[in-house]
2 protein chains.
Amino acid sequence: MRIGEVASRAGVSTRALRYYEEQGLLTSERTGGGQRVYPDSAVERVRLIQQLFAAGLPSRTVLRLMPCIETGQGSPEAFALMAAERERITALMTDLTAARDALDRMIDIANHPTPEHCPALREPAWSPYDGAAEAAGVDPQPVEAGPRAPELALAGAGRRTR
Amino acid sequence: MRIGEVASRAGVSTRALRYYEEQGLLTSERTGGGQRVYPDSAVERVRLIQQLFAAGLPSRTVLRLMPCIETGQGSPEAFALMAAERERITALMTDLTAARDALDRMIDIANHPTPEHCPALREPAWSPYDGAAEAAGVDPQPVEAGPRAPELALAGAGRRTR
DNA sequence: TTTGACGTTGACGCCGACGTCAGGTCCTAC
DNA sequence: GTAGGACCTGACGTCGGCGTCAACGTCAAA
């Protein structure tokens, strides 16, 4: 398979694939003329990379997980890495839930206009006293797994502060 | 309240507050000497902004929501905006869940080393056949709301492709 | 009145996952 | 053999939310 086909099957650009190779995340054979040739498994590999990127893992981290992905053998550091990232993702989901709740409150207020709007906006979740001790479970909402627009499907998450 | 106090109470830098003002997200009075003075409500405002940022809303979008936040009156466009962002967040959470599941599979495999590792890694979720029709509900995991490191609390999510 | 913590504007830097040219090469169908 | 689509390398651009330095002004306590 050449680069174009891998790209269209995995839903990424050819530029992205060259970038992955540059970062050591993806390898390829070459034809006599120097063109990249990939095995079928490359498509799955790219999809995994995309998923990890979408969860905010930087390429360096994904790179450090690659030996584990390839061999199925987990070094203890790779293991710790995975656990840490897992926790980061969970924390991020908590943040997202909070943000979505904030939006919900805004939508709610915007929906039925009442003079006493502001208090309701302030009320829960982002408390004025610093403690962030809400035992907020990720609500078991059915997540409406409808047909999402494909170009929105690969939204990412990243940016650590400080 | 001056800028330093708002910053420490809201858990952001003073640079961030000046940036918010520059973007029109936050306003302030000035003392005779030109120093910024904020009302108490600014702290809550900043926290809301941070939450929306953490959910991947760009400052321009937050800006377009500001009149709605201030007046409690929802223009139809602001309403549509909020609904769209809400949906984007939900989709993002689905992606995060998928990524976390992928990590879980990797962890699982790394944990108990067996020669036939690769098939298990490939099996579910990121299917080789293009259809992404898993009716994947966000699992009702208790989310372990333990004491997260505060400097990790404001991880963000962004980056739309294409 | 002094001092030193806190504030101001302005400007440049950063990072990461690519987009996007430019100028050339390869491959294959006709 | 040739057209034209796919591919190559290299290089610079982008975007957003700040960090960070410089050079300077304010303000309250001692």
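Worth saying up front: this structure is predicted, and the values here are computed from it rather than measured.

(A) Expanded view of the domain arrangement of chain A. All names here are of chain A. The domain architecture assigned to chain A consists of domain 1 (1-73) and domain 2 (75-123). For domain 1 versus domain 2, the distance between C-alpha centres works out to 32 Å. At the junction of the two partners, domain 1 supplies eight residues and domain 2 supplies seven residues. Together domain 1 and domain 2 conceal approximately 650 Å² of surface at their shared face, both sides included; 70% is due to carbon and sulfur atoms. Area buried by domain 1 at its contact with domain 2 is led by A55, R64 and L65, which between them contribute 52% of it. Our count for the contact surface shared by domain 1 and domain 2 stands at one residue pair in polar contact (both at pLDDT 80 or more).

(B) Expanded view of the packing of aromatic side chains. A complete count under the given rule lists four aromatic pairs over all chains for this structure. An angle of 75° between the planes, with centres 5.7 Å apart, marks the rings of B:Y20 and B:F53 as edge-to-face. Note that B:Y20 is positioned in helix α2 (residues 14-22) and B:F53 in helix α3 (residues 41-54), a separation of 33 residues in sequence. Of the two residues, B:Y20 and B:F53, neither departs from the other in class, the shared state being buried. Through a chain of ring-to-ring contacts, the aromatic side chains of A:Y19, A:Y20 and A:F53 assemble into a single cluster.

(C) Structural view of the UniProt feature "domain: HTH merR-type" (unreviewed entry) in chain A. This chain's UniProt record puts "domain: HTH merR-type" (unreviewed entry) on residues 1-68 of chain A. In residues 1-68 of chain A, helix accounts for 60% and strand for 6%; the two terminal C-alpha atoms are 25 Å from one another.

(D) The arrangement of the protein's contact with DNA strand C in detail. In the region of DNA strand C, 24 residues are neighbours, and A:S13, A:Y20, B:G4, B:R18 and B:R36 sit closest. The sugar and phosphate moieties of DNA strand C supply 77% of its atoms located within 4 Å of the protein. One of the side-chain nitrogen or oxygen atoms of A:T31 is found 3.3 Å away from a phosphate oxygen of DNA strand C. A distance of 3.2 Å is found between a phosphate oxygen of DNA strand C and a side-chain nitrogen or oxygen belonging to A:R60. Listing elements by their share of the surface near DNA strand C, those giving two or more residues are α2 (14-22), α3 (41-54) and α4 (59-71) of chain A together with α1 (3-10) and α2 of chain B. Per element, the largest residue contribution to the surface near DNA strand C is four residues, and it comes from α2(A).

(E) Spatial organisation of the environment of B:R60. Residues and elements named next belong to chain B. If you trace the backbone, R60 turns up in helix α4 (residues 59-71). Judged by its relative accessible area of 62%, R60 is exposed. A C-alpha to C-alpha distance of 28 Å links R60 and A99, two positions 39 residues apart in sequence.

(F) Fine view of the pattern of salt bridges. Residue and element names in this part refer to chain B. Under the defined criterion, the tally for this structure stands at twelve salt bridges over all chains. The salt bridge involving R9 is made with E5; its shortest N-O contact spans 2.6 Å. Of this pair, R9 and E5 both sit in helix α1, separated by four residues, roughly a single helical turn. Across the pair R36 and E21 runs a salt bridge whose closest N-O atoms are separated by 3.3 Å.

Basis of the calculations
Residues numbered from 1 in each chain as written. Chains lettered and ligands numbered in written order. Predicted model: local features only at pLDDT ≥ 70, side-chain atom pairs only at ≥ 80, totals over all residues. Heavy atoms only, no water. Domains from an automatic or database assignment. Contact = heavy atoms within 4.5 Å. Buried area = accessible area lost by both parts, 1.4 Å probe. Polar contact = N/O pair within 3.5 Å; in protein donor to acceptor, adjacent residues only side chain to side chain. Phe/Tyr/Trp six-rings, centres within 6.5 Å; stacked < 30°, edge-to-face > 60°. Helix = DSSP H or I, 4+ residues; strand = E, 2+ residues; numbered from the N terminus. Buried < 20%, exposed > 50% of the residue type's maximum accessible area, 1.4 Å probe, protein only. UniProt positions renumbered as here; feature names shortened; annotations may be inferred. Near = heavy atom within 4 Å. Salt bridge = Lys/Arg side-chain N within 4 Å of Asp/Glu carboxyl O.

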